[in-house]
Amino acid sequence: MILVLSGTEDGREIVEKLLKNNQTVLATTATEYGGKLFKIHPKLKVISERLDIDDMIALIKKYNIKTIVDATHPYAAEVSKNAIKAAEESNIKYFRFEREEISYEKIDRFSSYEEVIKYLEKAKGNTLLTTGSNNLDKFENVNFKDNLYIRVLPTANVVKKCTDLGFLPKRIIALQGPFSTDFNKAIYEFYNIKYIVTKDSGDIGGTNEKIQAAIDRDIKVLLIDRPHIDYPNKYDSVRELVENIYLK
């Protein structure tokens, strides 16, 4: 059986290709919503819960896993580190799929949220935070909160998290992406956005449309770089990854 750590559109594509090749797959997602996006298949089992390294090792033993495919989000660093270690300790194969990084000249890059917050503390104008809800607590007590809008998934748990952190409903834009360039422009214009904070989630995550819309409207783009991890067997092509699973 192949374990696919998913939760992204790429992960679902990898699972579909493996199933077409008559493989038995155990797919995991961090949320129930992510699990519901998989199509029912007799050779597919889906588990929706957050896993630490002990959980991964337990799954490897329970389901006799021979290969791990790590298709988690580019910023899910802890999950990837745990998967690499779990594969090493269990003496099984590990493969990493990661979307290509974007390349723009007219953006400012930062290595951490703390650096972005320090920059925005001296900025003037409205900011749109588009990095999701996982690190939203870092912005709970910033001095520019009255000028901060947050774009997050429209789920009850996420919206509750936003309000629990003190964000007013008028500051919460709960929408499911990815969005077109024109749609992004419309949001930027409506909320009079001067800065956007984003991550390099890759083309499939709508990052290019988000950034291009900002550049076209002369909005400052603050991008938090991906964490650096020394991945073994890393691919940015689903086809090549699946092919190499059978070669190695």
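Analysis parameters
Residues numbered from 1 in each chain as written. Predicted model: local features only at pLDDT ≥ 70, side-chain atom pairs only at ≥ 80, totals over all residues. Heavy atoms only, no water. Buried < 20%, exposed > 50% of the residue type's maximum accessible area, 1.4 Å probe, protein only. Helix = DSSP H or I, 4+ residues; strand = E, 2+ residues; numbered from the N terminus. Arc of directions from axis to C-beta. Contact = heavy atoms within 4.5 Å. Phe/Tyr/Trp six-rings, centres within 6.5 Å; stacked < 30°, edge-to-face > 60°. Lys NZ or Arg CZ within 6 Å of the ring centre and 35° of its normal. Axes fitted to C-alpha atoms, helices over the stretch in contact; angles between N-to-C directions. Parallel < 35°, antiparallel > 145°, perpendicular 65-115°, else oblique. Left-handed = near helix turned anticlockwise from the far one by under 90°. Nonpolar A, V, L, I, M, F, W, Y, C, P; charged D, E, K, R; others polar.

Undergrad: Can you lay out helix H7 (residues 181–190) for me, pointing to particular residues and giving the numbers?
TA: Since the α-helix turns once every 3.6 residues, residues separated by three or four places project in the same direction. Restricting attention to buried positions, one finds in H7 the residues Asn184, Ile187 and Tyr188. Burial along H7 is one-sided: seen end-on, the buried residues are contained in an arc of 100°. Structural note: H7 exposes Asp182, Glu189 and Phe190 on the side pointing more than 90 degrees away from its buried face. The inward-facing, buried residues of H7 abut strand S7 (126–129), strand S8 (148–152), strand S9 (172–174), strand S10 (193–199) and helix H8 (207–216). One or two positions beyond H7, positive phi appears at Asn192, with a value near 55°.

Undergrad: Describe the packing of aromatic side chains, listing the residues and the values that go with them.
TA: Applying the stated criterion to the full structure yields seven aromatic pairs. Ring centres of Tyr149 and Tyr191 lie 4.8 Å apart, and the angle between their planes is 55°; this geometry places the pair in the tilted category. Highlighted residues: Tyr149 in strand S8 and Tyr191 in the loop between H7 and S10, separated in sequence by 42 residues. Within the aromatic cluster, the residues linked to one another by ring pairs are Phe110, Tyr119 and Tyr195. Residue placement shows Lys145 over the ring face of Phe167; its charged tip is 4.5 Å from the ring centre. Note that Lys199 overlies the ring of Tyr75, its terminal NZ or CZ placed 5.0 Å from the centroid.

Undergrad: Got a sec to walk through the environment of Leu44? Specific residues and values, please.
TA: Looking at where Leu44 falls in the secondary structure, it is placed in strand S3 (residues 44–48). Its relative accessible area of 15% is what places Leu44 among the buried residues. Setting aside residues no more than four positions away along its own chain, Leu44 makes contact with Val15, Leu19, Val25, Ala27, Phe38 and Lys39.

Undergrad: So what's going on with the packing of helix H3 (residues 53–62) against helix H4 (residues 77–90)? Residues and values would help.
TA: Across the interface, H3 lies against H4 with an axial gap of 9 Å and an inter-helix angle of 45°. In terms of their interaxial angle, H3 and H4 are classed as oblique. Read as a crossing pair, H3 and H4 show a hand that is right-handed. On H4, the residues touching Ile53, Met56, Ile57 and Ile60 of H3 are Val79, Asn82, Ala83, Lys85, Ala86, Glu89 and Ser90. Counted by class, the contact of H3 with H4 contains seven nonpolar, two polar and two charged residues.

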